[in-house]
Amino acid sequence: MRKIKDLDWSNLGFQYRSCDSRYVSHYKDGAWDEGALTDDPNVVINECAGVLQYCQECFEGLKAYETVNGDIVCFRPELNAKRMADTAAYLCMPPFPEDRFLTALDMVVKANLEYVPPYGSGASLYIRPYMFASGPVIGVKPSDEYMFRIIAMPVGPYFKGGFKPISIMVSDFDRAAPRGTGHIKAGLNYAMSLHAHEVAKEAGYPENMFLDPKEHRYVEETGGANFYFISADGSTFVTPKSDSILPSITRRSLVYVAEHMLGLKVEERRIELSEIGQFSECGLCGTAAVISPVGVVNDHGKDIVFGKGLEDAGPVTKKLYETLTGIQLGKIEAPCGWIHKIA
Ligand SMILES: *Cc1c(COP(=O)(O)O)cnc(C)c1O
């Protein structure tokens with residue numbers, strides 16, 4: 001039996017908690033140093049660091065799970081390594097090498113094995129790789145120095161109540177600009193979305209549905225998850241195609257699961273807000289929440305209701321959720337290369 005911490009695994013919530021160990025590497029004089037684990041949760045940087053002045057920062061999010069067999073695994077982490085390198089390049093930061101990202105990930109999970117929630121608890125070890133400009137800048141330009149870190153923390157479900165339909169509202173704000181940064185995983189997109197998020201919360205909604213920033217006609221995503229819809233006859237998985245949404249790994253995986261494992265048709269296309277009432281199911285997908293069924297979308301006072309609304313998730317959403325979490329927890333055979341075993 002693996003030794004584990006004495007935590008209330010079923011009631012963790014989704015919040016920061018310091019683990020024993022994290023990985024740190026510094027970029028200076030044109031190169032990343034060797035990197036190492038440290039037990040220090042604090043970061044000391046110059047008062048004029050680029051991240052503090054001009055938000056030069058990006059991050060990733062993934063999870064480690066204990067499977068039914070007792071293995072500790074991550075789900076498709078090489079896609080996170082790749083996406084982070086793409087994001088860094090867009091923000092004029094030196095990408096952290098993808099192979100080193102994977103090695104560092106293994107080091108952090110192995111060093112914090114006692115924090116990986118036990119199989120069946122519904123919790124997981126959330127892993128947050130991130131990178132920021134640590135060198136001083138005052139004239140606007142990319143920094144010369146960066147820090148890459150991977151931290152980890154055990155978490156419960158992202159939304160209170162777990163796999164229960166939520167209601168969301170159509171936002172009057174944009175989360176991205178038409179030719180902006182919506183497609184990269186940068187903290188600045190989240191700073192942008194906080195105001196809209198607070199407005200939604202005030203109105204009683206845990207999330208926003210953002211529309212495309214050019215015409216405000218097509219469905220984009222929420223602040224931190226992509227959307228999918230299921231056609232009225234249950235045969236088709238439909239998900240927005242847009243240059244200003246984040247290419248979610250969960251969404252890309254669900255596209256595969258829908259098509260190759262559940263026999264659904266898949267459409268990746270622009271989706272008009274005015275057509276969503278014709279769908280039978282709606283869901284949010286992302287690493288943090290995996291899938292959150294959406295029961296109601298409130299469009300300026302008018303409720304668009306999917307299936308049984310807030311009462312219960314639809315049958316296809318349930319199937320997608322069971323299949324994806326079944327793959328992650330080793331209960332269903334994974335498509336080749338999806339499961340990265342760490343211990
Ligand atoms: C991280 C993120 C998602 C979800 O992506 P996953 O790879 O599935 O975790 C969706 N939208 C935004 C804006 C994100 O930052």
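Rules and cut-offs
- Residues numbered from 1 in each chain as written.
- Predicted model: local features only at pLDDT ≥ 70, side-chain atom pairs only at ≥ 80, totals over all residues.
- Heavy atoms only, no water.
- Helix = DSSP H or I, 4+ residues; strand = E, 2+ residues; numbered from the N terminus.
- Rg over C-alpha atoms; globule rule 2.2 N^0.38 Å.
- Buried < 20%, exposed > 50% of the residue type's maximum accessible area, 1.4 Å probe, protein only.
- Contact = heavy atoms within 4.5 Å.
- Areas by Shrake-Rupley, 256 points an atom, 1.4 Å probe, with all protein chains shown as cover.
- Lys, Arg positive; Asp, Glu negative; His and termini not counted.
- Charge placed at Lys NZ, Arg CZ, Asp CG, Glu CD.
- Polar contact = N/O pair within 3.5 Å; in protein donor to acceptor, adjacent residues only side chain to side chain.
- Phe/Tyr/Trp six-rings, centres within 6.5 Å; stacked < 30°, edge-to-face > 60°.
- Lys NZ or Arg CZ within 6 Å of the ring centre and 35° of its normal.
- Pairing = 2+ DSSP bridges.
- Right-handed = clockwise from strand over helix to strand, strands pointing away.
- Axes fitted to C-alpha atoms, helices over the stretch in contact; angles between N-to-C directions.
- Parallel < 35°, antiparallel > 145°, perpendicular 65-115°, else oblique.
- Left-handed = near helix turned anticlockwise from the far one by under 90°.
- Nonpolar A, V, L, I, M, F, W, Y, C, P; charged D, E, K, R; others polar.

**Q** Whenever I open this one, the overall build of the protein confuses me. Can you help?
**A** The helix and strand tally for the protein stands at six helices and 17 strands. The C-alpha atoms of the protein give 20 Å as radius of gyration, which agrees with the globular expectation for 343 residues (20 Å, within 12%). In terms of principal-axis extent, the alpha carbons of the protein reach across some 55 × 55 × 35 Å. Taking all 343 residues of the protein together, the buried fraction comes to 52%. Sequence separation of at least 24 residues holds for 72% of the intrachain contacts in the protein that already meet a minimum separation of 6. Accessible surface, the protein as shown: approximately 15700 Å² in total, 52% of it carbon and sulfur. Across the protein, the mean location of the 35 positive side-chain charges is 2 Å away from that of the 44 negative side-chain charges.

**Q** Just checking my understanding: could you explain the environment of Asn-226 for this structure?
**A** With respect to the element layout, Asn-226 can be found in strand S11 (residues 226-230). Each C-alpha atom of the pair Asn-226 and Ile-245 lies 7.7 Å from the other, and the pair is 19 residues apart in sequence. Every residue in contact with Asn-226, bar those within four places of it in the chain, is listed here: Glu-221, Ile-245, Leu-246, Pro-247, Ser-248, Arg-251, Gly-283, Leu-284 and Cys-285. Here Ser-248 takes part through its backbone nitrogen, which lies 3.4 Å from a polar atom of the side chain of Asn-226.

**Q** Please explain the packing of aromatic side chains as it appears in this structure.
**A** Each aromatic ring pair is summarised here by two numbers: the centre-to-centre distance and the angle between the ring planes. Taken as a whole and assessed by the stated rule, the structure comprises 18 aromatic pairs. Pairing Tyr-27 with Trp-32 gives two aromatic rings, centres 5.2 Å apart and planes at 65°, and the pair type is edge-to-face. Look at Trp-32 and you get buried, because its relative accessible area is 15%. Positioned above the aromatic ring of Tyr-218, the side-chain terminus of Arg-270 is 4.1 Å from the ring centre.

**Q** Please clarify how unusual backbone geometry should be interpreted in this entry.
**A** In terms of backbone geometry, most residues other than glycine have negative phi values and most peptide bonds are trans. With a phi close to 50°, Asp-29 is a non-glycine residue in the positive phi region. Examined against the element boundaries, Asp-29 turns out to sit in the loop between strand S1 (22-28) and strand S2 (31-32). The exposed category is assigned to Asp-29, whose relative accessible area is 74%.

**Q** Please clarify how the pairing of strand S8 (residues 146-155) should be interpreted in this entry.
**A** Consecutive side chains along a regular strand alternate between the two faces of the sheet. Most of S8 is tucked away, with 10 of its 10 residues classed as buried. Judged by which residues are buried, S8 turns out to be covered on both faces: Tyr-146, Phe-148, Ile-150, Ala-152 and Pro-154 on one side and Met-147, Arg-149, Ile-151, Met-153 and Val-155 on the other are all buried. In this sheet, S8 lies alongside S1 in antiparallel orientation, the contact comprising five bridges. Pairing of Ser-25 across the sheet is with Phe-148, part of S8. Strand direction decides the pairing type here: strand S7 (residues 124-133) and S8, joined by 10 bridges, are antiparallel.

**Q** Help me understand the pairing of strand S13 (residues 265-269) in this model?
**A** Judged from the five bridges that link them, strand S12 (residues 236-240) and S13 form a sheet pairing that is parallel. Among the inter-strand pairings, Thr-236 is bridged to a residue of S13, identified as Lys-265. Note that the unit made of S12, helix H5 (residues 249-261) and S13 has a crossover that is right-handed.

**Q** Looking at this structure, how should I read the packing of helix H2 (residues 77-90) against helix H3 (residues 98-111)?
**A** The axes of two packed helices give the description: the angle between them and the distance between them. At a minimum axis separation of 9 Å, H2 and H3 run at an interaxial angle of 130°. As far as their axial angle goes, H3 and H2 are oblique. Considering the relative orientation of H2 and H3, their crossing is right-handed. Seen from H2, the contacting residues are Pro-77, Glu-78, Asn-80, Ala-81, Lys-82, Met-84 and Ala-85; seen from H3, they are Glu-98, Phe-101, Leu-102 and Leu-105. Per-class residue counts for the contact of H2 with H3 are seven nonpolar, one polar and three charged.

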